[in-house]
Structures are given as structure tokens and as C-alpha cells.
Amino acid sequence: MKSSTKSCLIAIAIFAMAATAFAQEKDKRVNSLERGNRSLAFSLFSDGGTFGYWVLKTRRTNLGINLGLRVSHTDDGRSRTSWNVQLAPAIKRYMIVYKSVAPHYYGCLQAGYGKDSNTTNWNFGLNAGFGVEWFPVPEISVGSFTGFNLSYSQQTAGDDTRKSFNVLSFTPRLTMYIYF
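In this text the structure is predicted, and so the values were computed from the model without any measurement.

### Looking at the nonpolar core
Thought 1: Core analysis: the largest hydrophobic core is formed by 16 residues, its most contacted members being Leu33, Trp54, Tyr94, Tyr106 and Tyr179.
Thought 2: Those elements that provide at least two residues to this core are strand 2 (48-56), strand 4 (80-94), strand 5 (101-115) and strand 9 (175-179).
Thought 3: Once residues lying within four places of it in the same chain are set aside, the contact partners of Leu33 are Leu56, Arg59, Tyr94, Val97, Ala102, Phe135 and Tyr179.

Okay, structure coming up:
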């Protein structure tokens, strides 16, 4: 084979590979933030976890409902088990949607109920803040957020009832989202 023919074939092969790579990069999806997509959210920690279901109403607006459960056991001579369940409808509003890192504003309402051997707890609150989701692959993200919590709680033990109103900052655990 002549060297000019060989050079021409190599140039065509390089051009074909470059064109293919360019086309893949152009059409490459870096996240699943598309209207209508849904996701399941999971967050685990030492005494429980949360599960959520999210729906992208627009490319920038994600609505979700989260269910949290905590169970703890204390053995201080009296062996007590306590539990708490929480329901929290939430919204995320993405600032940037076309990158593998998607910052967002976050807001949620929450209501919870808990009980141990002699105490009952009720709480209601509002969370507001900002966060970020990172998409290592388009269908999976890892996210977290921080902000402020306004809450009202009532704790009842026998005939004694304590009520409190709190303004706190918070940083939740990492959450994994699976999009479909």
C-alpha cells in the first residue's frame, strides 16, 4: 500500500473518530432534569432514614413527598425504645439545569409524630434553604441542602405538656436520587 493511501486512510479514520466523539458530546445528557421525569430518594443514618418520591413539573421545578422514620433504643437500666415518623411535602427550584452539578433552592413543610415509653411528641415546621445535586451519571444524583427550620413542637409526658417554638439551622444527610 502506498504511503499516500495509507495517510489518507489514517486521516479518514481520525476524522471519523473525531466526528463520532463530537456528535456524542453534543447529544450527551449530563443529568435527568427533564419535565415529567420522576425520582426515588433515599437517605440513611444511624437511627433511621427517609424515603421520597419526586416529580419534575418543569425542568427547573421538582415537587416531592418525603417520609422519614427514626427508631432508637436506649438501655440505661430501663430499656426504652422510641420512634418518630415524619411526612414532608417539598419543592426544589433549580438555578442551573444543564450541568452535572445542579444548585437549587429548597423548601418543605413537615409534620411529625413520635413516641417512647412515657412521652408523646408532635411537631410542625417549615424548612427553607439551598442545596446542590451532583449527577455522576445522568440517572443517579447525590444531593444535600442547608438552611433554616422554623418549628413548633409539643411534648406530653403524663399530665405535663411542654410547647416550644424554634428557629434553627440544619444540614441534612446526603440523599441519593434515582431518576426514571
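### Some remarks on a nonpolar patch on the surface
Thought 1: A grouping of Leu109, Trp122, Phe124, Leu126, Phe148, Leu150, Tyr152, Phe165 and Val167 is seen on the molecular surface, where their side chains present a nonpolar patch of about 930 Å² in accessible area.
Thought 2: Among the secondary structure elements, those contributing two or more residues to the nonpolar patch are strand 6 (120-137), strand 7 (140-157) and strand 8 (160-170).
Thought 3: Here Tyr152 shows up in strand 7.
Thought 4: According to the relative accessible area criterion, Tyr152 is partly exposed, its value standing at 32%.

### Observations regarding the side chain of Asn66
Thought 1: Its place among the elements puts Asn66 in strand 3 (residues 61-74).
Thought 2: Those residues in contact with Asn66 that lie beyond four places of it in its chain are Phe51, Gly52, Trp54, Gln86, Leu87, Ala88, Ala90 and Tyr106.

Rules of the game
Every residue gets a number counted from 1 within its own chain, in the order that chain's sequence is written. Reporting in this predicted model follows two pLDDT cut-offs: at least 70 for local features of residues, and 80 or more for side-chain atom pairs to be given and counted; totals over whole chains, interfaces and linings ignore these cut-offs and use all residues. Where side-chain values are given, they derive from all heavy atoms of the structure, hydrogens and water being excluded. Here the nonpolar core consists of buried residues drawn from Ala, Val, Leu, Ile, Met, Phe, Trp, Tyr and Cys, with membership extended through side-chain atoms lying within 4.5 Å. To sort residues, take the accessible area from a 1.4 Å probe on protein chains only and compare it with the maximum for the residue type: under 20% means buried, over 50% means exposed, and anything in between is partly exposed. Counting from the N terminus, the helices are DSSP H or I runs at least four residues long and the strands are E runs at least two residues long. Residue contacts follow a heavy-atom distance rule, with two residues in contact if any of their heavy atoms lie within 4.5 Å. Patch membership is restricted to residues that have no salt bridge and whose relative accessible area is over 30%. Joining uses 9 Å for like charges and 5 Å for the nonpolar side chains Val, Leu, Ile, Met, Phe, Trp and Tyr. Per-residue accessibility takes into account occlusion by the displayed protein chains alone, with areas from the Shrake-Rupley method and a 1.4 Å probe. Basic side-chain nitrogens of Lys or Arg form a salt bridge, by our definition, when they fall within 4 Å of a carboxyl oxygen of Asp or Glu.

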